[in-house]
There are 2 protein chains.
Amino acid sequence: MLKRKSIPHITINRLSIYYRCLEKIVEAENKKDYYIISSSKIAEMTGINSAQIRKDLAYFGQFGKRGTGYYIKNLHIELRKILGLDKRWSVIIAGAGNLGQALVNYKGFKKRGFIIKGIFDNNPLSIGKKLDHVYIYDIEEMEKFIRKKNIMIGVLTVSANSAQEVANKMVKSGIRAILNFAPTHLILPPEIKLHNVDLSIEFESLTYYLSL
Amino acid sequence: MLKRKSIPHITINRLSIYYRCLEKIVEAENKKDYYIISSSKIAEMTGINSAQIRKDLAYFGQFGKRGTGYYIKNLHIELRKILGLDKRWSVIIAGAGNLGQALVNYKGFKKRGFIIKGIFDNNPLSIGKKLDHVYIYDIEEMEKFIRKKNIMIGVLTVSANSAQEVANKMVKSGIRAILNFAPTHLILPPEIKLHNVDLSIEFESLTYYLSL
DNA sequence: CACTGTGAACCCGTTCACAGCA
DNA sequence: TGCTGTGAACGGGTTCACAGTG
């Protein structure tokens, strides 16, 4: 795919929202008369400003027809390509705790091309068991596994204490992206894509606003 | 607490990061010679620009000493107050799926004052059971429960389809904040604090960058 | 006429740079 | 001197407004 200049990260996040919005329509669609959508209709469904939507889409091409709108199926397919969801992505999860389990069981992933190849933990009681048809392996075998299976994405659901160490192993074995759920600041080489999800922040900012 | 004008939401999120950073030091602290911290030290630990940190803190007061830095314990306590973490918050979770379970089991919540009072689900197989000492109730009883126990925060880990409906019930019963994990755009009265956490977005933006 | 695509204006968070102070 | 607090400059994402077009 082409390298385009300075597309805001938040635009990419919104593409994912548009994608799901269209997906919902495509899956519900029976009537043929509902195959076009306008930016203001998407705006209404997502709560995002319609000019914002048009600008976001315009980063990637001219998908719409002036005076008409966007062809739902076409835009859906384009977004899937842009987001890389037309490919398969091999994923491993480090940490077989509750969050790790929740992610393994999430049905939406397979549909979007994310294949969870293995879960890794250091707890002897977990190792060897299965979660939703995925084996839990000893974390000692993670590096070999990543290399052998050419894993692209590693998900960290381990404790904050061990997150950096486990991340280092992932990087050493050639992983290309890490989704970090541990509430800690990871330091990684710049070529590794790193996204952080911090659930505590969401709770703690809620209570700030409740305290006002 | 005083109402202050236009503090960016993202500043609140960062306060939560500073808070955890200080917490880590306070808990590890044995040596008395390590009781002051500079904004550049926090910057190093969190990856956030030091001017940003000083500006964020300055929204709420002058906590530092010029030429010296910030007293760790003092700043820790101030942040706790600002974030409302010195109070207890009654929480319920709607949806006893894997994510709901993961949240119930997360140890960090109790420490920060979040008390999970109940879990609600519509699955007869789950109702009546316990998750980590918290009962799972029939979702039909949720509204009564919220009113009776004066619940402040509702967490939505139900499906996207039912999220709006369950949220409406929460609002009707007097809940004041909702943390929504369902990948859908909720429409709520403006006085309800709403935060969304969308895990799919994080995965899908990763694959965008991997596809470049 | 309706709706997209987009330059320009706007707004606001970030970073700089330095005055203020221990 | 060292580090905070902060006005000012900067940068970039958002919104406006309208030209372009089916």
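Quick caveat, the model's predicted, so the values are computed rather than measured.

Undergrad: Explanation requested: the domain arrangement of chain A in the structure shown.
TA: Interface size is often expressed as the accessible area that is lost when the parts come together. Here chain A is partitioned into domain 1 (9–82) and domain 2 (89–201). The straight-line distance from the C-alpha centre of domain 1 of chain A to that of domain 2 of chain A is 32 Å.

Undergrad: Can you walk me through the relation of the copies chain B and chain A in this structure?
TA: Related by rotation about an axis and a shift along that axis, the two copies of the chain form a pair. In the superposition of chain B on chain A (RMSD 0.0 Å, axial shift 0.0 Å), the rotation amounts to 180 degrees. The symmetry that links the two subunits is that of a two-fold axis. Residue by residue, 98% of the interface of chain B is reproduced at the interface of chain A, so both copies engage with the same surface.

Undergrad: I keep staring at the interface of chain B and chain A and nothing clicks. Help me out?
TA: Opposite the 60 residues of chain B that make contact, chain A presents 60 residues. Between chain B and chain A, roughly 5600 Å² of surface is buried when both sides are summed, and carbon and sulfur atoms account for 66% of that area. Scanning the region where chain B abuts chain A turns up 4 salt bridges. Ionic pairing is found between A:Arg20 and B:Asp198, a salt bridge with its closest N-O pair at 2.3 Å.

Undergrad: What exactly am I supposed to notice about helix H2 (residues 39–46) of chain B here?
TA: In an α-helix, one turn spans 3.6 residues, which is why side chains three or four residues apart end up on the same side. Residue and element names in this part refer to chain B. Of the residues making up H2, those classed as buried are Ser 39, Ile 42, Ala 43 and Thr 46. The arc enclosing the buried residues of H2, seen along the axis, measures out at 105 degrees, which places them on a common side. Contacts made by the buried residues of H2 are with helix H1 (9–28), strand E1 (36–37), helix H3 (50–58), strand E2 (70–71) and helix H4 (72–82).

Undergrad: Would you mind going over the sheet that holds strand E7 (residues 153–156) of chain B with me for this structure?
TA: Strand pairs in the sheet, formed through backbone hydrogen bonds, run parallel or antiparallel to each other. Read across the sheet, 7 strands follow the order E5-E6-E4-E3-E7-E8-E9 (chain B) without closing on themselves; strand pairing throughout is mixed. In the strand order of this sheet, the two ends are held by strand E5 (130–131) and strand E9 (193–196) of chain B, each with one partner. Strands in contact with helix H9 (residues 199–211) of chain A are strand E3 (89–94), strand E4 (114–121), E7, strand E8 (177–180) and E9 of chain B; relative to E9(B), the strand with the most contacts, it is inclined by about 165 degrees. The sheet contacts of helix H8 (residues 160–172) of chain B involve E3, E7 and E8 of chain B, and relative to E7(B) the element is tilted by about 170 degrees.

Undergrad: Even after reading the chapter, I still don't get helix H7 (residues 142–149) of chain B, so can you show me in this structure?
TA: Residues and elements named next belong to chain B. Along H7, the residues classified as buried are Met 142, Glu 143, Phe 145 and Ile 146. In a view along the axis of H7, the buried residues occupy a sector of 165 degrees, so they form one face of it. Within H7, the exposed residues directed more than 90 degrees away from the buried face are Lys 144 and Lys 148. The first or second residue beyond H7 is Asn 150, which carries a positive phi of 55 degrees.

Undergrad: It is not clear to me how the side chain of A:Ser90 should be interpreted in this structure. Could you clarify?
TA: Residues and elements named next belong to chain A. Within the secondary structure, Ser 90 is located in strand E4 (residues 89–94). At a separation of 3.4 Å, a polar atom in the side chain of Ser 90 contacts the side chain of Lys 117. Aside from chain neighbours lying at most four places away, what touches Ser 90 is Ile 115, Lys 117, Lys 149, Asn 150, Ile 151, Met 152 and Ile 153.

Undergrad: Please explain the protein's contact with DNA strand D as it appears in this structure.
TA: Taken together, 23 residues are adjacent to DNA strand D, and A:Arg14, B:Ser39, B:Arg54, B:Gly67 and B:Tyr70 come closest. The contact atoms of DNA strand D, taken as those within 4 Å of the protein, divide so that sugar and phosphate hold 60%. B:Ser39 places a polar main-chain atom, nitrogen or oxygen, 2.7 Å from a phosphate oxygen of DNA strand D. Between DNA strand D and B:Gln62, the relevant distance is 3.1 Å, taken from a phosphate oxygen to a side-chain nitrogen or oxygen of the residue.

Undergrad: Just to check I follow, could you spell out the protein's contact with DNA strand C for this structure?
TA: Looking at DNA strand C, there are 23 residues lining it, with A:Ser39, A:Arg54, A:Gly67, A:Tyr70 and B:Arg14 nearest. In the interface set of DNA strand C, defined as its atoms within 4 Å of the protein, sugar plus phosphate atoms amount to 63%. Those elements giving two or more residues to the surface near DNA strand C turn out to be helix H3 (50–58), strand E2 (64–65) and strand E3 (69–71) of chain A together with H1 and H3 of chain B. Of the residues forming the surface near DNA strand C, the biggest block, 4 residues, is contributed by H3(B). Looking at the surface near DNA strand C residue by residue, the class counts come to 6 nonpolar, 9 polar and 8 charged.

Undergrad: Whenever I open this one, the packing of aromatic side chains confuses me. Can you help?
TA: In the structure shown here, the tally under the stated rule is 23 aromatic pairs over all chains. Each ring, one from A:Phe60 and one from B:Tyr208, has its centre 6.1 Å from the other, and the planes form 90 degrees; the classification is edge-to-face. Of this pair, A:Phe60 sits in the loop between H3 and E2 while B:Tyr208 is found in helix H9 (residues 199–211), placing the two residues in two different chains. For the pair A:Phe60 and B:Tyr208, one class covers both residues: buried. An aromatic cluster is defined as three or more aromatic residues linked by ring pairs; in this entry it consists of A:Tyr106, A:Phe109, A:Phe114 and B:Phe203.

Scoring rules and cut-offs
Residues numbered from 1 in each chain as written. Chains lettered and ligands numbered in written order. Predicted model: local features only at pLDDT ≥ 70, side-chain atom pairs only at ≥ 80, totals over all residues. Heavy atoms only, no water. Domains from an automatic or database assignment. Least-squares fit on C-alpha atoms with pLDDT ≥ 70 in both. Contact = heavy atoms within 4.5 Å. Buried area = accessible area lost by both parts, 1.4 Å probe. Salt bridge = Lys/Arg side-chain N within 4 Å of Asp/Glu carboxyl O. Buried < 20%, exposed > 50% of the residue type's maximum accessible area, 1.4 Å probe, protein only. Helix = DSSP H or I, 4+ residues; strand = E, 2+ residues; numbered from the N terminus. Arc of directions from axis to C-beta. Pairing = 2+ DSSP bridges. Axes fitted to C-alpha atoms, helices over the stretch in contact; angles between N-to-C directions. Polar contact = N/O pair within 3.5 Å; in protein donor to acceptor, adjacent residues only side chain to side chain. Near = heavy atom within 4 Å. Nonpolar A, V, L, I, M, F, W, Y, C, P; charged D, E, K, R; others polar. Phe/Tyr/Trp six-rings, centres within 6.5 Å; stacked < 30°, edge-to-face > 60°.

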